[in-house]
Amino acid sequence: MSNFIIDFTTDDLTSDYQNTILQYWHEIRGDRTMPARKDFNPLHVPDALGNLMLIDVKHTPRDYTIRLIGTNITELTGKDNTGQSASSFRDAAEVVSRFDWILENKQPYFSKDEFIWSSRDRRIYSALVLPFSENGEDVSIIFCCLHIYKDND
């Protein structure tokens, strides 16, 4: 079902909080390519907090490590993956490929897929994925906002 969308609009997003986050990201970005993590105030998007993941980027050698994972995601997966590398994920090759894409392109993407990390009812998720940069040039943090829902929601 994988659906990787580069050229998306707010109409593609599946939750109000994803729309809020995307608008906020553009606001704090201003005329820069990407905002810095310090520009982001999580209290600005309280409805999304349980559905967020922050991924630290290591450039040499390239690696992606979960810095923070929301409670709604940990509840659904049944574990807290904080500190784990993306290469340990069940679908690591696809996840790493998408993260590589955001490093190279320095722009958001949106995706929809089946949530395979849970043995519970079949779920679909959408992910709004945004780059952040501490030096203004290189992606240093990847910000993911998930919306997890049932297949027929």
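### Observations regarding helix 3 (residues 92–105)
The terminal C-alpha atoms of helix 3 lie 20 Å apart, and with 14 residues this matches the ideal 20 Å at 1.5 Å per residue to within 8%. Immediately downstream of helix 3, the backbone of Lys 106 shows phi near 55 degrees, a positive value.

### Some remarks on the confidence of the model for the protein
A residue-level look at the protein finds 90% of positions with pLDDT of 70 or above and a mean pLDDT of 87. Taken element by element, the protein is modelled with least confidence in strand 1 (residues 3–5), mean pLDDT 81, and with most confidence in helix 1 (residues 16–29), mean pLDDT 95.

### Overview of helix 1
The terminal C-alpha atoms of helix 1, which comprises 14 residues, lie 20 Å apart, in line with the 20 Å expected from a rise of 1.5 Å per residue. Where helix 1 is concerned, the buried positions are Tyr 17, Gln 18, Asn 19, Ile 21, Leu 22, Tyr 24, Trp 25 and Ile 28. Residue Gly 30 follows helix 1 closely and has a positive phi angle near 60 degrees.

### Concerning the nonpolar core
One finds Met 53, Ile 55, Tyr 64, Phe 99 and Ile 142 to be the most contacted residues of the largest nonpolar core, which totals 25 residues. Broken down by secondary-structure element, the contributors of at least two residues to this core are strand 2 (52–59), strand 3 (62–69), helix 2 (71–77), helix 3, strand 5 (123–132) and strand 6 (141–150). Looking at which element gives the most residues to this core, the answer is helix 3, with 5 residues. Filtering out sequence-adjacent residues up to four positions away, Met 53 remains in contact with Ile 66, Leu 68, Ile 69, Ile 73, Ile 142, Phe 143, Cys 144 and Leu 146.

### Some points on the pairing of strand 3
By the bridge criterion, 7 bridges tie strand 2 to strand 3 in an arrangement that is antiparallel. Bridging across to strand 3, Lys 58 finds its partner in Asp 63.

### Examining the pattern of salt bridges
Applying the stated criterion to the full structure yields 5 salt bridges. Across the pair Asp 56 and Arg 67 runs a salt bridge whose closest N-O atoms are separated by 2.9 Å. Placement of Asp 56 in strand 2 and of Arg 67 in strand 3 is noted, with a sequence separation of 11 residues between them. Given a relative accessible area of 41%, Arg 67 falls into the partly exposed group.

### Here's the deal with the packing of aromatic side chains
Counted under the stated rule, the structure contains 9 aromatic pairs. A centroid spacing of 4.7 Å and a plane angle of 50 degrees characterise the contact between Phe 4 and Tyr 109, whose relative ring orientation is tilted. Taken as a pair, Phe 4 in strand 1 and Tyr 109 in strand 4 (residues 109–114) lie far apart in primary sequence, 105 residues in all. Phe 4 gets classed as partly exposed once you look at its relative accessible area, which sits at 31%. With relative accessibility at 3%, the residue Tyr 109 sits in the buried group. For the ring pair Phe 40 and Phe 132, a centre distance of 6.1 Å and an interplane angle of 85 degrees mean the geometry is edge-to-face. Remark: Phe 132 occurs in strand 5 and Phe 40 occurs in the loop between helix 1 and strand 2; sequence separation between them is 92 residues.

Each value, and the rule that gives it
Residues numbered from 1 in each chain as written. Predicted model: local features only at pLDDT ≥ 70, side-chain atom pairs only at ≥ 80, totals over all residues. Heavy atoms only, no water. Helix = DSSP H or I, 4+ residues; strand = E, 2+ residues; numbered from the N terminus. Expected span 1.5 Å × (residues − 1). pLDDT = per-residue confidence, 0-100. Buried < 20%, exposed > 50% of the residue type's maximum accessible area, 1.4 Å probe, protein only. Core = buried A, V, L, I, M, F, W, Y, C linked by side-chain atoms within 4.5 Å. Contact = heavy atoms within 4.5 Å. Pairing = 2+ DSSP bridges. Salt bridge = Lys/Arg side-chain N within 4 Å of Asp/Glu carboxyl O. Phe/Tyr/Trp six-rings, centres within 6.5 Å; stacked < 30°, edge-to-face > 60°.

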